[in-house]
Amino acid sequence: MIFAVLTLFMGPIILSMALSQPENKLYIPLLVVGLLICAFAVFLIFKGIRLIMNSMFKK
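Residues numbered from 1 in each chain as written. Predicted model: local features only at pLDDT ≥ 70, side-chain atom pairs only at ≥ 80, totals over all residues. Heavy atoms only, no water.

Scanning all chains against the criterion turns up 1 aromatic pair. Plain terms: the ring middles of Phe-40 and Phe-43 are 6.2 Å apart, the flat faces sit at 25° to each other, and that makes the pair stacked. Of the two residues, Phe-40 and Phe-43 are both situated in helix H2 (residues 27–57); the distance of 3 residues between them amounts to about one turn of the helix. Looking at Phe-40, the relative accessible area reads 44%, which means it is partly exposed. For Phe-43, a relative accessible area of 43% translates into the label partly exposed. (Phe/Tyr/Trp six-rings, centres within 6.5 Å; stacked < 30°, edge-to-face > 60°. Helix = DSSP H or I, 4+ residues; strand = E, 2+ residues; numbered from the N terminus. Buried < 20%, exposed > 50% of the residue type's maximum accessible area, 1.4 Å probe, protein only.)

The terminal C-alpha atoms of helix H1 (residues 2–20), which comprises 19 residues, lie 28 Å apart, in line with the 27 Å expected from a rise of 1.5 Å per residue. Along H1, the positions that sit buried rather than exposed are Ala-4, Thr-7, Gly-11, Ile-14, Leu-15 and Ala-18. Buried residues of H1 fall within an arc of 100° about the axis and therefore sit on the same side. Along H1, exposed side chains directed more than 90 degrees from the buried face belong to Ile-2, Phe-9 and Ser-20. (Expected span 1.5 Å × (residues − 1). Arc of directions from axis to C-beta.)

Attention now moves to the environment of Asn-24. Position of Asn-24 among the secondary structure elements: in the loop between H1 and H2. Among the residues examined, Asn-24 registers a relative accessible area of 31% and is labelled partly exposed. Residues Asn-24 and Ile-14 lie 10 residues apart in sequence; the distance between their C-alpha atoms is 14 Å.

Printed below as a string of structure tokens:
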């Protein structure tokens, strides 16, 4: 869950950096990396919640 929290903050920061300067040559790579980090954060959150639920209810 710690990595999920880190990626939750890191993804939007990178996206805002990319979207604030669309004329920069690193616009597309930063945008793609930011979106991938945000998607990875959502994946980690669901994985963490599933792990917590499985440990509580002993599947």
